[in-house]
Amino acid sequence: MHNITTCISTNNNLEYLKLAIKSIRQNAYYKDQPIIIHAENCSDGTDEWLTENKDKLDLEIYIDHNNQPKGIGGGMNFCVDKAQTKYVNIIHSDMCIAPNQDLELLKLYDDVDDSVRLIASSFRIQPKIFPT
């Protein structure tokens, strides 16, 4: 069992979600790490795609259709609660990870006292989309 799980909360973002999952399976140091996905109120084919590819991509999926949406934060909390590893890597469904991103995050925890709460995060790089 690996020490890290990647968690993704999504809503109607299928094409980017496919890229996010692909990046984890190709770029993560622990390529077979658990990936937990919470798909909420999707109507773009996400539910069907996840169901069809769950075993092939080794995904733990939770498809949720409700009248009181959890939202992205609630979806992430849901995923984290399902994780069974010591560490979680939270990414958005429109993000891709760089090579060995998981390993580099885990290195930050080397030699840290377990009584200390430490949060490490990747950052997002996007093109300049807002005119100045």
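Residues numbered from 1 in each chain as written. Predicted model: local features only at pLDDT ≥ 70, side-chain atom pairs only at ≥ 80, totals over all residues. Heavy atoms only, no water.

Colleague: Account for the overall build of the protein chain, naming residues and giving values.
Modeller: Within the protein chain, the regular secondary structure consists of four helices and four strands. Along its sequence from the N terminus, the protein chain presents helices and strands in the succession β-α-β-α-β-α-β-α. Out of the 132 residues belonging to the protein chain, those deemed buried represent 37%. Here the analysis covers contacts within the protein chain between residues at least 6 apart in sequence; of these, 71% occur between residues at least 24 apart. For the protein chain, the exposed surface amounts to about 8,400 Å²; the carbon and sulfur share of it is 51%. (Helix = DSSP H or I, 4+ residues; strand = E, 2+ residues; numbered from the N terminus. Buried < 20%, exposed > 50% of the residue type's maximum accessible area, 1.4 Å probe, protein only. Contact = heavy atoms within 4.5 Å. Areas by Shrake-Rupley, 256 points an atom, 1.4 Å probe, with all protein chains shown as cover.)

Colleague: Could you give an account of the sheet that holds strand β4 (residues 87–92), naming the residues involved and the relevant values?
Modeller: Taken together, the four strands give an open sheet; going across it, the order is β3-β2-β1-β4, and neighbouring strands pair in parallel fashion. This sheet does not close on itself; its edge strands, each paired only once, are β3 (59–64) and β4. Between one strand and the next, the sheet's axes are offset by a mean angle of 20°, whatever the strand orientation. Inspection of the sheet shows strand β2 (residues 35–40) paired to β3 by six bridges, in the parallel sense. Pairing of His-38 across the sheet is with Tyr-62, part of β3. Strand contacts of helix α2 (residues 46–53): β1 (4–10), β2 and β3, with the helix running at about 150° to β3, the strand carrying the most contacts. Packed on one face of the sheet, helix α3 (residues 71–82) meets β1, β2, β3 and β4 and runs near 150° to β1. (Pairing = 2+ DSSP bridges. Axes fitted to C-alpha atoms, helices over the stretch in contact; angles between N-to-C directions.)

Colleague: How would you explain α2 if you had to name every residue and give the values?
Modeller: Among all positions of α2, only Thr-46, Asp-47, Trp-49, Leu-50 and Asn-53 are buried. In a view along the axis of α2, the buried residues occupy a sector of 165°, so they form one face of it. The secondary structure elements touched by the buried residues of α2 are β1, α1 (14–27), β2 and β3. (Arc of directions from axis to C-beta.)

Colleague: So what's going on with the pattern of salt bridges? Which residues, and what values?
Modeller: One pass over the structure, following the stated rule, counts three salt bridges. The closest approach of N and O atoms between Asp-64 and Lys-70, which form a salt bridge, is 2.7 Å. Classification of Lys-70 as partly exposed rests on a relative accessible area of 37%. For the salt bridge of Glu-104 with Lys-107, the shortest nitrogen-to-oxygen distance reads 3.1 Å. You can see Glu-104 and its partner Lys-107 sitting in helix α4 (residues 101–107), three residues apart, about one turn around the helix. Relative accessible area serves as the criterion here: at 43%, Glu-104 is assigned to the partly exposed category. You can call Lys-107 partly exposed: its relative accessible area is 44%. (Salt bridge = Lys/Arg side-chain N within 4 Å of Asp/Glu carboxyl O.)

Colleague: Describe α1, listing the residues and the values that go with them.
Modeller: With 14 residues, α1 extends 20 Å between its outermost C-alpha atoms, agreeing within 8% with the 20 Å of an ideal straight helix rising 1.5 Å per residue. Residues of α1 that are buried sit in contact with β1, β2, α2, β3 and β4. (Expected span 1.5 Å × (residues − 1).)

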